Amino acid sequence: MGEQDCWSTQLIDGNGEFNVTGLHNFMKTAKLADLGLSYAVVAIMGPQSSGKSTLLNHLFGTNFREMDAFRGRSQTTKGIWIAKAVGIEPCTIVMDLEGTDGRERGEDDTAFEKQSALFALAISDIVLINMWCHDIGREQAANKPLLKTVFQVMMRLFSPRKTTLLFVIRDKTKTPLEHLEPVLREDIQKIWDTVSKPQAHKDTPLSEFFNARFPSLSLSGCTSFLSDLNILWACRWRSLLYLAMKRRKSSLKSSTIEHVAQLRQRFFHSIAPGGLAGDRRGVVPSSGFSFSSQQIWKVIKENRDLDLPAHKVMVATVRCEEIASDKLRRLTSDARWLALEEAVQSGAVPGFGKKLSSILDTYLSEYDMEAFYFEELVRKAKRQQLESKALQLVHPAYATMLGHLRSKALESFKTHLEQSLRRGDGFAVSVRNCNQARMLEFDRSCAGTALDLWNYAGLCICNEAFDIVAENSALIYASIQQANWDASRLGEKLLRDIEVYASSVRSAKLSETIANQEKKLDQALAAPVESLLEAGGKDTWASIRRLLKRETEAAISGFSSAVTGFELDQSTFDKTVQNLRDYARSIAEKKSREAAGKVLILMKDRFSSVFNHDIDSMPRVWTGKEDIRTITQDARSESLKLLSVMAAIRLDKKPDKIENVLFSSLMDGTVGVPYSQGRRIGDSVDPLSSSSWAEIPLDKTLITPVQCKTLWRQFKSETDYSVTLANSAQEAYKKSNNWLPPPWAILAMIVLGFNEFMLLLKNPLYPMILFVVFLLAKALWVQMDIPGEFRHGYLAGVLSVTSRFLPTVMNLLRRLAEEAQGHPAPETPSPPHSLASHSLRTQTYQPNLSVSSSVPDSSVSTHISSTEGGVEY
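Residues numbered from 1 in each chain as written. Predicted model: local features only at pLDDT ≥ 70, side-chain atom pairs only at ≥ 80, totals over all residues. Heavy atoms only, no water.

The protein chain carries the name Protein ROOT HAIR DEFECTIVE 3 homolog in an unreviewed UniProt entry, which gives Rhododendron simsii as its organism. Note on the protein chain: under the UniProt heading Subcellular location (unreviewed entry), the record states "Endoplasmic reticulum membrane". Under the UniProt heading Sequence similarities (unreviewed entry), the entry covering the protein chain gives this text: "Belongs to the TRAFAC class dynamin-like GTPase superfamily. GB1/RHD3 GTPase family. RHD3 subfamily." (UniProt positions renumbered as here; feature names shortened; annotations may be inferred.)

Here it is in structure tokens:
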């Protein structure tokens, strides 16, 4: 046997100190931590120098120190030693206890005897009791102290586990076994009676004690000596086996060696059912052997009752806690978990659930393997704690993963919704289909299975759900096998996000549709309404109402067609339609208010247009034949019609008397009362002194009666100048076309020049001179355009002729001289006409009006310019 492989170690020294480090090294060196329940513990007790270590060395191949008989009989083993049996399966741990009744300890040895015996019975599966055969039947020398110690510690030891007591009787004598057995049984009964009395038990037989305490257990009879005589004490000790051995000096006879070999075979497969250590109930797993041994010895040292079931639970609690803590620590530092945790921070990780479940399963499986043999309730409780802590550790990553899946589903919803809308699908149908598909994808990713996915897809009306299943069949779930986390709250949040986004898109699409219709209304109403108001005719507001109704109905029809796919509820649709109607009216009202703000300018433009143009829209030439008064009256009447149109908003077809009141008050020059009150003789109430019209609400009033009166006064003051200019132009035209002197002047010249006329008739030279003068005057008349110079008045004509007379005469004489010499000179261009030489015949007076932004306080300056000469008056 390889004795060097037993690794013998002192477990407890002679002073009762537990060797924690030594046991730890022994467990590590002998590789006992992973054996589970596949190990057995054998201890031996007996008197000092009875050959216990020698027997163990021969049975198990250990190397415990043996007594040298040639040096005397003394204490060899001190305390408790431990070693591993060599060559025996399963793994067997052998404990060599210090011998009893040693002279080295003297009278104080009973304390350590009891402690070591209790320790051996608590942790051992098999206890060997070494006895001398010749002591059986003796009162003092029959090893009764040892048996008494065993039974005493039995009273303190409570355990449902059965421990095998194997009595090894050495130095067999010639006395047959059938004569030794009754004596041994009687001695054991006496020892029991002695031990049980101090424990308040009645003086009852040993078998009755066990039957009373454990009714299901019994004490059986005996068999022959070498045929495995068994006394079954089914409570704590399984059997008593008597084996006779002889020892002479330091060697064994061949028959004894043969018996030892036979006994050694009994320890092979000792933990199998029916074996020496077949009862595995209450056995501490090998990984907890070290801690259990320490705690048992601690309790024994403190002289407390040793409750092995409670101790078993305590050991299981501590060891399972240690195992769970170790697994959690390893999980925390696991490279795969750290990489997965880091990866999930940046985005969704394919196969997240499968990878994380595999990591958790690894450590939970390791825990199950290492804690398998511990107390079931404790093991399961600690496993639940480990699983809870592990899931608590990984839950943030799981939540992050679900967040990525939620974001991905939301982005997917946005993309597919946009694509569906581009294809022309209805908005409501697109939202419903995309919503079902994305929620299906999210549920599948969070907690679903492929079967659940197909079942769900089958229940959906949305055809896109089937596309999701087919296109994303490789999607890995985020669900974790070890957890039953509910992702419904996140799903509800995703659904809310989808609804919010869909609502925003719906609002944006509706707003866009409404904006398009409003834009069309702007284009269709703004310019026409403005043009109609500026025209200011009798049917202006009727035309505006027809235009407004036509364009509003067109906008409503376009809106109805555009929002068909939105599946709007009737109230929302009606509200939107009403908003469109209100918007169309607001455009008309806005343009009306803008036009009312520049009514004075429009009135003056209307006056100028009617006053300066005839019925054929040709510019008027004031020749003296026009009736300026009538023309002025017509122009002002048209302007007043425009003012009456601008006075109020008439989008509702309701009659009013604004025009009648304005004409009766402003055109007639009389002050009348409102028609609704009747007119009485002598009344002098001014209808334009009010701040409101009788038939018009204030919010529909554009120009109040007072403002109309003020505007008309300002209008008249600014248009009177145009009338004055027209009169002046007419007078100038008349004068320019009548250049001959008056008849009285002609008569005066005939009377006063009669003598000169007679003188000319008497002398022929005078007529010739007069003829030459006439020709010269005619040439000057034509050259200087005398009628044109006097067209703008006598003073202007005189000044112009005087300034041009001498140059024209010199130019005419030079030309005559050159023609007389035969060198005709090129015609010199005539000098430009003076400003006063232009005719007023083709004048058209166009008022250039300066626009003011406020009504009625606008100030307008009028300029009349000639179309030909540009002369400003």
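After that view, the rundown keeps rolling.
**Let's talk about the pairing of strand S3 (residues 80-84)**
Sheet topology places strand S1 (residues 9-12) next to S3; three bridges connect them, and they run antiparallel. Opposite Ile-12, over in S3, you have Ile-80 as the bridge partner. Strand direction decides the pairing type here: S3 and strand S4 (residues 91-97), joined by five bridges, are antiparallel. Looking at the pairing, Ile-80 lines up with Leu-97 of S4. Joining the antiparallel neighbours S3 and S4 is a turn of six residues, in which Gly-87 adopts a positive phi near 80°. (Pairing = 2+ DSSP bridges. Helix = DSSP H or I, 4+ residues; strand = E, 2+ residues; numbered from the N terminus.)

**With respect to a nonpolar patch on the surface**
A contiguous nonpolar patch, built from Ile-746, Leu-747, Met-749, Ile-750, Val-751 and Leu-752 and spanning about 640 Å² of accessible area, is present on the exposed surface. Among the residues examined, Met-749 registers a relative accessible area of 53% and is labelled exposed. (Patch = residues over 30% accessible without salt bridge, like charges linked within 9 Å, V, L, I, M, F, W, Y side chains within 5 Å. Areas by Shrake-Rupley, 256 points an atom, 1.4 Å probe, with all protein chains shown as cover. Salt bridge = Lys/Arg side-chain N within 4 Å of Asp/Glu carboxyl O. Buried < 20%, exposed > 50% of the residue type's maximum accessible area, 1.4 Å probe, protein only.)

**Some details on the pattern of salt bridges**
Applying the stated criterion across every chain, the model contains 29 salt bridges. The partner of Asp-497 in a salt bridge is Arg-406, and the shortest N-O contact between them spans 2.4 Å. Here the residue Asp-497 occupies a position in helix H16 (residues 488-535), and Arg-406 occupies one in helix H12 (residues 376-422), the gap between them amounting to 91 residues. Arg-406 carries the same exposure label as Asp-497, and that label is buried. Measuring nitrogen to oxygen at the nearest pair gives 2.3 Å for the salt bridge that ties Arg-636 to Asp-720. Residue Arg-636 is found in helix H20 (residues 628-646), and its partner Asp-720 is found in helix H22 (residues 705-736); the two are separated by 84 residues along the sequence.

**Digging into the UniProt feature "binding site: GTP" (unreviewed entry) in the protein chain**
Here the UniProt-annotated "binding site: GTP" (unreviewed entry) positions come out as Gly-46, Pro-47, Gln-48, Ser-49, Ser-50, Gly-51, Lys-52 and Ser-53. Along the polypeptide, Gly-51 turns up in the loop between strand S2 (39-45) and helix H2 (52-60). Excluding anything up to four places from it in sequence, Gly-51 contacts Asn-130 and Arg-170. Mapped onto the elements of the fold, Lys-52 is located in helix H2. With residues near it in sequence (within four places) discarded, Lys-52 still touches Ile-44, Met-45, Gly-46, Pro-47, Asp-96, Leu-97, Glu-98, Gly-99 and Asn-130. At 3.0 Å, the side chain of Lys-52 and the backbone oxygen of Pro-47 are in polar contact. (Contact = heavy atoms within 4.5 Å. Polar contact = N/O pair within 3.5 Å; in protein donor to acceptor, adjacent residues only side chain to side chain.)

**Describing helix H19 (residues 599-612)**
Across its 14 residues, H19 extends 20 Å between first and last C-alpha, which sits within 8% of the 20 Å expected from 1.5 Å per residue. Most of H19 is tucked away, with 11 of its 14 residues classed as buried. Among all positions in H19, only Val-599, Leu-600, Ile-601, Leu-602, Met-603, Lys-604, Arg-606, Phe-607, Ser-608, Phe-611 and Asn-612 are buried. (Expected span 1.5 Å × (residues − 1).)

**With respect to the packing of aromatic side chains**
Two descriptors summarise a pair of aromatic rings, namely the distance from one centre to the other and the angle between the planes of the rings. Scanning the model with the defined rule gives 11 aromatic pairs in all. Between Phe-60 and Phe-267 the ring centres are 4.8 Å apart and the planes differ by 70°, which places this aromatic pair in the edge-to-face class. Of this pair, Phe-60 sits in helix H2 while Phe-267 sits in the loop between helix H7 (254-266) and helix H8 (289-301), placing them 207 residues apart in sequence. Neither Phe-60 nor Phe-267 differs from the other in exposure class; each is buried. Summarising the aromatic geometry, the rings of Phe-607 and Phe-611 are spaced 5.2 Å apart at their centres and angled 10° between planes, so their arrangement reads as stacked. Of this pair, Phe-607 and Phe-611 both sit in helix H19, four residues apart, which is roughly one turn of the helix. (Phe/Tyr/Trp six-rings, centres within 6.5 Å; stacked < 30°, edge-to-face > 60°.)

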